[in-house]
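Analysis of the macromolecular model
Spelled out, the chains give:
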Amino acid sequence: MTGFLASRALSLAFVLWLVTMIAFVVIRLAPGDPSAIMLGSDATPKAVAEFRAKYGLDRPIAVQYIAWLGRVVRGDLGTSIYLGRPVTTAILERLPVSLTLTLAAFVIAVMLGVTLGLVAAYWHDTWVDRAVSVVAALGLSMPSFWLGICLIYLFAVRWALLPSGGFVEPWVDPPASLRHLLLPAFALGYLQSGLIARMTRTSMLEALRGDFVRTARSKGVAELRVVVKHAFRNALIPVLTVTGIALAVLFGGAVVIETVFTLPGVGRLLVNAVVRRDYAVVQGTLLLVALWYVLVNIAVDILYTVSDPRVRLRAS
Amino acid sequence: MAESATRRRRGLGTVANVSLVGLVLLIALIVMGPYLYTVSPTLVAGRERLKPPSMAHPLGTDQFGREVLARVIAGGQQSLRVATLTMALTVAAGSLLGLVAGSVRALDEILMRISDAFLALPAVILAIALMAVREPSEANVVLALVVVYTPRVARLVRGKALLIREMPYVEAANALGARRSRVIGWHILPNATPELIVQATFIFGYAILDEATLSFLGVGPPPPAPSWGNMLSEARYLVRDAFWISFFPGLLIGIAVLSANILGDGIRDRYDPRRGE
């Protein structure tokens, strides 16, 4: 089991290393030398030369990459030219907002998706099943920012029930925080619930046909217990996989939702950085998103081994 | 031939047919739109600001008195251009890389590891980052989306190529002394075509959605040229007074993407009878 996890962790670390290369190369695609971008077009040749020497831009590209990677590994993502502060600090400041939003959306996506999937599988080929597939298809096609705007229109403007934006830290004022989070988390989470519902349905249909389900029923096990304890437990692995993907994707989707609901998160930081051509911030955000993806994947791998003894056995 | 097995189910099914008709109608209306409704999408009319939908203004007007209908049509043309180009270029690049990875073992490992790294980054995030280093133009949006989607298509084609490579008819072709290029072009590529069509349909949908997202975030093609995304971006501050300006572009994005998704599912079910339960 530890061997399985170690080999997965190793290959994910390798992916992360490749992403550092992408992040490094992407920024080098920018027209002009970083010195021209950092110093502006009216910089004197002497200032440019000093800048290039200071940041090692006069050295070969491979040397530059290794030096940059060395700093990144130590947590130094460079300095934001617009904010005039370390990128790491700027990101860490906004990270709680994005993480809160992502996790809230994740809770909604999983609860909604699994419930819909279970219901659709249990009453498959009825109107319930078809209704769920419509809900799921809508989730996969609707632009999240449009859903957000429509929710703002209905809940904040028409009915004045919930705030239209802003962020309150959950540890400062939990009820107010929840009210602020509800709309953005739903706009973000609904999209992923469609995928989770589809996978839950397919996987449950298979599990419900299993012999062990018939055995459980014939033993007189209560129906709810059959569905949740016997069938769903066996349908869990594919559901875990899409759930993991959802958690990874939601963090990226938060970028858009943060803009709609004016939440001061990493996504807003990224979008503002793109408009201001603040490359160090863009680079740092790319690495953060990839790190999140890798961490989520490691967590999913651990859950696999916990939830399915077969994975544990095969691995050892 | 394998035809009889794959064509067991005729047609696409009702829902997929409806979405195909819907998509074709939407495209036709957007393409013909400027001839049917000749008001300029950028014509500013100060007296007609923020008028709700009525006979005179079918979808209402925006904060500058511009017709939302005209802007939705013009925005749709941009979305269609971006989506069609992105789809064509992604399928071409993805097939090429996928076939190379699926037939040249030495390159397979390298290409697949690189695609792993691309898949670790959500499509929109990577596209946003690419837009940071390029001018915000339509061509660069297409370029960014192609870069982002190509690894996904390449992976799929590579997987299919590896499967087909082991088929008896490829073995037979090899035994007859067919050149590698002939095996790839004549046997592997045609048999991967159904999957490619399905993927192309999905990419068309994603491209519309992601282009709208980039424009919404202000890193797409610049205004005043309307796009569905930048219309939503301008209109979100007016939700209180003029909800219709945001409602219609979003609705059209939803319809276009939904039709593309359902159509893709329908085509896939038809070519893969196991999935169509």
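Residues numbered from 1 in each chain as written. Chains lettered and ligands numbered in written order. Predicted model: local features only at pLDDT ≥ 70, side-chain atom pairs only at ≥ 80, totals over all residues.

A closer look at the interface of chain B and chain A
By a widely used convention, the size of an interface equals the accessible area lost when the partners come together. Selection criterion: C-beta atoms are placed from the backbone for every residue, and two residues are taken to be in contact when these atoms lie within 7 Å. Helical segments are the DSSP runs of H or I of at least four residues, strand segments are the runs of E of at least two, and each set is numbered from the N terminus. Under the convention adopted here, Pro, Cys and the residues Ala, Val, Leu, Ile, Met, Phe, Trp and Tyr are nonpolar, Asp, Glu, Lys and Arg are charged, and Gly plus all remaining residues are polar.
Listed as interface residues are 35 residues of chain B and, on the opposing side, 38 residues of chain A. When residues of the side of chain B that touches chain A are traced back to their parent elements, those giving at least two are α4 (105–119), α5 (123–133), α8 (180–216) and α10 (243–271) of chain B. Broken down by element, the side of chain B that touches chain A gets its largest block of residues, 9 residues, from α10(B). Each residue belonging to the side of chain B that touches chain A can be placed in one class, and the counts come to 25 nonpolar, 6 polar and 4 charged.

Details of the environment of Asn297(A)
Residues and elements named next belong to chain A. Keep this limit in mind: Once C-beta atoms are placed from the backbone, each residue is buried if 20 or more other C-beta atoms lie within 10 Å of its own, exposed if 12 or fewer, and partly exposed for counts between those two.
The topology assignment puts asparagine 297 in helix α13 (residues 279–307). The exposure class assigned to asparagine 297 is buried, which follows from the 20 C-beta atoms found within 10 Å. Remark: the alpha-carbon pair of asparagine 297 and glycine 253, spanning 44 residues in sequence, is separated by 17 Å.

Brief notes about the nonpolar core
What counts here: By definition, a nonpolar core groups buried Ala, Val, Leu, Ile, Met, Phe, Trp, Tyr and Cys residues that are joined through C-beta atoms within 7 Å.
Counting residues in hydrophobic clusters, the biggest one holds 163 residues, and the most contacted among them are Leu101(A), Ile196(A), Leu250(A), Leu270(A), Val282(A), Ala127(B) and Ile128(B). Top contributing element to this core by residue count: helix α5 (residues 87–122) of chain A, with 17 residues. Those residues within four positions of Leu250(A) in sequence are excluded, and the remaining contacts are Thr102(A), Ala105(A), Phe106(A), Ala109(A), Leu188(A) and Gln192(A).

A look at the environment of Ala200(B)
Residue and element names in this part refer to chain B. Along the chain, alanine 200 falls in helix α8. Judged by the 19 C-beta atoms lying within 10 Å of it, alanine 200 falls in the partly exposed class. Sequence-wise, alanine 200 and leucine 20 are 180 residues apart; in three dimensions their C-alpha atoms are separated by 14 Å. What alanine 200 contacts, discounting residues up to four positions off in sequence, is Met87 and Val91.

Focus on the packing of helix α3 (residues 68–103) of chain B against α10(B)
Residues and elements named next belong to chain B. The condition that has to hold: Helix axes use the C-alpha atoms of the stretch in contact, all axes being lines fitted to C-alpha atoms, and the angles between their N-to-C directions lie in the range 0 to 180 degrees. Any angle that falls under 35 degrees is termed roughly parallel, while one over 145 is termed roughly antiparallel, one within 65 to 115 roughly perpendicular, and all others oblique. By definition, turning the near helix anticlockwise from the far helix through less than a right angle yields a left-handed crossing, and turning it clockwise yields a right-handed one.
Packing of α3 against α10 brings their axes to within 10 Å, and their N-to-C directions diverge by 30°. It follows that α3 is roughly parallel to α10 by the angle criterion. Read as a crossing pair, α3 and α10 show a hand that is right-handed. Counting all contacts with α3, which are made through Val68, Val72, Gly75 and Gly76, the residues of α10 involved are Trp244, Ile245, Phe248, Pro249 and Leu252.

Details of unusual backbone geometry
Residue and element names in this part refer to chain A. Backbone geometry at aspartate 125 places phi at a positive 65°, although glycine is not the residue there. As for its placement among the helices and strands, aspartate 125 is situated in the loop between α5 and α6 (127–141). For threonine 262, which is not glycine, the phi dihedral falls at a positive 40°. Its location among the elements puts threonine 262 in the loop between α11 (236–260) and α12 (266–276). Among the residues examined, threonine 262 registers 14 C-beta atoms within 10 Å and is labelled partly exposed.

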